[in-house]
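Chain by chain, the residues run as shown.
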Amino acid sequence: MTVEKEIRRLEEMLLDDRVRSESELFAPLLDEHFYEFGKSGRCFDRAECLKAGTLGKVSLEIRDFSARQLAEEIVLATYRTVDREAGTVANRSSVWKRTDGQWRMAFHQGTPVPERIWSAEAKSEAAEDSKGEEDF
């Protein structure tokens, strides 16, 4: 499995409600010094993330995923999430660090994308997709 596929799989695990609600599943995915700037603007450390009920349920879809290896044991993942229930979009970035052969998230940031931006992007993409199409 490529590093990009492995990191994407781990990011998807962190969005799984079962993993998010069970600290014994979630804890091994976070680095000992994990820190997050949440989409809400709140800051979280590892201990706060592992408290029961802290993370809550999500219904997020990952789009435009990319992983860039910054060093042999460090990967920067960037992607966008779409909240299927709320209809909101966020840009996301994570730094993953491999320790003892195991990838663990060291840092994460979620940045809300204002609706005017993502709706304009969607309209632009739709216009690009329709270029060259002929009416029959």
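Everything here concerns the structure above.
All values derive from a computational prediction rather than experimental measurement. (Residues numbered from 1 in each chain as written. Predicted model: local features only at pLDDT ≥ 70, side-chain atom pairs only at ≥ 80, totals over all residues. Heavy atoms only, no water.)

For the structure shown, the criterion picks out 3 aromatic pairs. Geometrically, the ring pair formed by Tyr-35 and Phe-37 is edge-to-face, given 5.4 Å between the ring centres and 85° between the ring planes. The structure contains a cluster of three or more aromatic residues connected by ring pairs, namely Tyr-35, Phe-37 and Phe-107. (Phe/Tyr/Trp six-rings, centres within 6.5 Å; stacked < 30°, edge-to-face > 60°.)

As a further point, take the pairing of strand S1 (residues 30-37). Summarising the sheet, S1 and strand S6 (residues 102-113) pair through 4 bridges and their orientation is parallel. For Leu-30, the partnering residue across the bridge sits in S6 and is Met-105. Bridging between S1 and strand S2 (residues 43-45) involves 3 bridges; their strand directions are antiparallel. By the bridge assignment, Tyr-35 is partnered in S2 with Asp-45. Hairpin connection between S1 and S2: a loop of 5 residues separates the two successive antiparallel strands, and Gly-41 in this loop has a positive phi of roughly 100°. (Pairing = 2+ DSSP bridges. Helix = DSSP H or I, 4+ residues; strand = E, 2+ residues; numbered from the N terminus.)

In this structure, Ile-7, Phe-26, Cys-49, Phe-65 and Trp-96 are the most contacted members of the largest nonpolar core, which totals 22 residues. Of all the secondary structure elements, the ones that give two or more residues to this core are helix H1 (3-14), S1, strand S3 (60-71), strand S4 (74-83) and S6. With residues near it in sequence (within four places) discarded, Ile-7 still touches Phe-65, Val-75, Ala-77, Trp-96 and Trp-103. (Core = buried A, V, L, I, M, F, W, Y, C linked by side-chain atoms within 4.5 Å. Buried < 20%, exposed > 50% of the residue type's maximum accessible area, 1.4 Å probe, protein only. Contact = heavy atoms within 4.5 Å.)

Take the sheet that holds S6 next. With respect to topology, 6 strands assemble into an open sheet ordered S2-S1-S6-S5-S4-S3, the strand pairing being mixed. Two strands close off the open sheet at either side, each with one partner strand: S2 and S3. Strand-to-strand twist of the sheet, defined as the mean angle between neighbouring strand axes without regard to direction, takes the value 15°. As paired strands, S3 and S4 are joined by 9 bridges and run antiparallel to one another. Looking at S4, one finds that Gln-69 is bridged to Val-75. (Axes fitted to C-alpha atoms, helices over the stretch in contact; angles between N-to-C directions.)

A few words now on the pairing of S6. Two strands pair when backbone bridges link them, and strand S5 (residues 89-99) and S6 are joined in this way by 11 bridges, in the antiparallel orientation. Paired with Asn-91 across the two strands is Thr-111, which belongs to S6. Between S5 and the antiparallel strand that follows it, S6, lie 2 residues; Asp-100 among them carries a positive phi value of about 50°.

This part covers the environment of Val-75. Relative to the helices and strands, Val-75 is located in strand S4. The exposure class of Val-75 is buried, given its relative accessible area of 1%. Sequence separation of Val-75 and Ile-7 is 68 residues, and the distance between their C-alpha atoms is 8.3 Å. The contacts of Val-75, once residues within four sequence positions are left out, are Val-3, Ile-7, Ala-67, Arg-68, Gln-69, Leu-70, Ser-94, Val-95, Trp-96 and Trp-103.

Right, let's get into the environment of Pro-112. For Pro-112, the position within the fold is in strand S6. On the accessibility criterion, Pro-112 (48% relative accessible area) is partly exposed. In this structure the C-alpha to C-alpha distance between Pro-112 and Thr-81, which are 31 residues apart in sequence, comes to 9.5 Å. Discounting residues that sit within four places of it in the chain, Pro-112 has contacts with Lys-39, Val-89 and Ala-90.

On to H1, then. Side chains that are three or four residues apart share a direction in an α-helix, a result of its 3.6 residues per turn. With 12 residues, H1 should cover 16 Å at 1.5 Å per step; its first-to-last C-alpha distance of 17 Å lies within 8% of that length. The secondary structure elements touched by the buried residues of H1 are helix H2 (17-21), helix H3 (23-26), S3, S4, S5 and S6. (Expected span 1.5 Å × (residues − 1).)

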